[in-house]
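Observations on the three-dimensional arrangement
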Amino acid sequence: MKKIHRSVLSRIQGGPSCKEIADVLQSFLDGELEKSDIPTVKAHLDACRDCGLEAETYEAVKASLAAHRVSVDAHVLHRLRDFGAKLTDRSGVASTVDG
Amino acid sequence: MVESRPEAPTRSSEDPFSDFVLPELEVMYRVARSLTRNPTDAEDLVQDTLIRAYKAIDRFDGRYPRAWLLTIMRNAQLNRVRRKRPELMRDPDLTMKRVADTSEEGRNVEDQVLGSVFDERVESALVALPEKFRTVIEMVDMNGLAYQEAADVIGVPVGTVMSRLHRGRKRIREDLEASGITRRSPGSPSAPRRQNPDPAGGDTTGDRSPVTVVVSEEAEAKE
């Protein structure tokens, strides 16, 4: 999947500021950050207490939200797979869709 | 001289619908649940999407099937909403049922209580969010979509997805802080420690030349 960000952190002499880390933190946590910027962000989070705590809070929120993922009923999936399979049925049974 | 283009994945597939569409059914259903707030409507929406995808499969180049399908689903949902008047009622069961987590056995009681309180607070904060923020968070954090995929299904620029996602999460975090359930406060006894607790490299000056803002300001201005 195409990354959203251009690599900007690596060009900053002396390392990024907390503000600059905050700008990319969410993308970093979502795995959407340019690969070359990841080590820089990780190093800052390990070294900076406030930014590290910020990251941990957001990670905990993400984990909590992910736990709320709607469970998919196996019967529903089966029906949908069956429906999809019928669209491509090549056994001579009439398709439900006009071609 | 004309450069030969790489063969599209669909050209090498005998059954592109089965190969590219059917594996995405579970993701499609989860997204449909977020869009419709109703299990029956979600199933109908997925079927609608499958029909449209089947009709259009010959025009699909085989690249990024999920993004392609989610765009189709968005259009299908727009058509469904237009046909149904008035606006669909939201599923009142938005808070979702909690399933007992047997994996918490072995954790001490205090951890379980704190974890439960944290989760319930996050859930309450999520429900309280404006619809546009909540939808993006559902798509990315709960349905596992990438930014571009969420943008495709919602029908907004990816910068808008990022803006809404970040602002929605920030509101949840602020809610947690206001409730006293937080991991942010430095020096708090419950605050977790990083591997290197001494922020020797911490930046407190902040005076650097501005860099390109990750979330487009244009997208934020439209919110």
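Residues numbered from 1 in each chain as written. Chains lettered and ligands numbered in written order. Predicted model: local features only at pLDDT ≥ 70, side-chain atom pairs only at ≥ 80, totals over all residues.

1. Side note on the overall build of chain B
What chain B contains, in helices and strands, is nine helices and zero strands. The order of α-helices and β-strands along chain B, N terminus first, is α-α-α-α-α-α-α-α-α. When the 223 residues of chain B are sorted by exposure, 35% land in the buried category. Long-range pairs, those at least 24 residues apart, make up 70% of the contacts in chain B with a sequence separation of at least 6. (Helix = DSSP H or I, 4+ residues; strand = E, 2+ residues; numbered from the N terminus. Buried ≥ 20, exposed ≤ 12 C-beta atoms within 10 Å, placed from the backbone. Contact = placed C-beta atoms within 7 Å.)

2. Topic: the overall build of chain A
The number of helices and strands found in chain A is four helices and zero strands. Helices and strands in chain A line up, N terminus first, as α-α-α-α. Residue burial in chain A is summarised as follows: out of 99 residues, 33% are buried. Of the contacts made within chain A by residues no fewer than 6 positions apart, 54% connect residues no fewer than 24 positions apart.

3. Here's the deal with unusual backbone geometry
Residue and element names in this part refer to chain B. You will see that R37, though not glycine, has its phi angle at about 60°, which is positive. Examined against the element boundaries, R37 turns out to sit in the loop between α2 (25-36) and α3 (39-56). Looking at R37, the number of C-beta atoms within 10 Å reads 15, which means it is partly exposed. You will see that Y64, though not glycine, has its phi angle at about 50°, which is positive. Note on placement: Y64 falls in the loop between α3 and α4 (65-83).

4. Here's the deal with the nonpolar core
Ranked by internal contacts, the top residues of the largest apolar core, which has 59 residues, are A32, M73, V136, A150 and V161 of chain B. When residues of this core are assigned to domains, at least three fall in each of domain 1 (12-83) and domain 2 (106-181) of chain B. (Core = buried A, V, L, I, M, F, W, Y, C linked by C-beta atoms within 7 Å. Domains from an automatic or database assignment.)

5. Some details on α4 of chain B
Residues and elements named next belong to chain B. Its 19 residues give α4 an end-to-end C-alpha distance of 27 Å, which sits within 8% of 27 Å, the value for a rise of 1.5 Å per residue. When we look at burial in α4, the residues that qualify are P65, R66, W68, L69, L70, I72, M73, A76 and Q77. Contacts made by the buried residues of α4 are with α1 (16-21), α2, α3 and α7 (147-154). (Expected span 1.5 Å × (residues − 1).)

6. A word on the packing of helix α3 (residues 49-67) of chain A against helix α8 (residues 158-178) of chain B
Between α3 of chain A and α8 of chain B, the shortest axis-to-axis distance is 10 Å and the interhelical angle comes to 100°. Taken as axis vectors, α3 of chain A and α8 of chain B run roughly perpendicular relative to one another. Packed against α3 of chain A, whose contacting residues are T57, Y58 and V61 of chain A, the element α8 of chain B presents R169, I172 and R173 of chain B at the interface. Split by residue class, the contact of α3 of chain A with α8 of chain B holds three nonpolar, one polar and two charged. (Axes fitted to C-alpha atoms, helices over the stretch in contact; angles between N-to-C directions. Parallel < 35°, antiparallel > 145°, perpendicular 65-115°, else oblique. Nonpolar A, V, L, I, M, F, W, Y, C, P; charged D, E, K, R; others polar.)

7. Describing the packing of helix α1 (residues 18-29) of chain A against helix α2 (residues 38-47) of chain A
Packed helices, taken two at a time, are described by the angle their axes make and the gap between the axes. All names here are of chain A. Their axes nearest at 11 Å, the elements α1 and α2 cross at an angle of 110°. Considered as vectors, α1 and α2 are oriented roughly perpendicular to each other. In this structure, α1 meets α2 at a crossing whose hand is left-handed. Here I21, V24 and F28 of α1 come into contact with α2, specifically with I38, V41 and H44. (Left-handed = near helix turned anticlockwise from the far one by under 90°.)

8. With respect to the confidence of the model for chain B
Low pLDDT marks regions whose predicted coordinates should not be analysed in detail. Residues and elements named next belong to chain B. For chain B, per-residue confidence averages 73 on the pLDDT scale, and residues scoring 70 or more make up 62% of the total. Here residues 86-107 scores under 50 on pLDDT; set against residues more than four positions off or in separate chains, the count is twelve contacts. With pTM at 0.66, the complex prediction returns an ipTM value of 0.77. (pLDDT = per-residue confidence, 0-100.)

9. Examining α2 of chain B
Taking 1.5 Å of rise per residue, twelve residues should cover 16 Å, and α2 of chain B covers 16 Å from first to last C-alpha, within 8% of that figure. The element α2 of chain B is extensively covered by neighbouring structure, given that ten of its twelve residues are classed as buried. Among all positions in α2 of chain B, only L25, M28, Y29, R30, V31, A32, R33, S34, L35 and T36 of chain B are buried. Close packing links the buried residues of α2 of chain B with α4 (74-87) of chain A together with α3, α4, α6 (131-142) and α7 of chain B. Phi turns positive, to about 60°, at R37 of chain B, one or two residues after α2 of chain B.

10. Brief notes about the confidence of the model for chain A
Mean pLDDT over chain A stands at 82; residues scoring 70 or higher make up 77%. The model gives residues 91-99 of chain A a pLDDT under 50, and that stretch makes eight contacts with residues more than four places away or in other chains.

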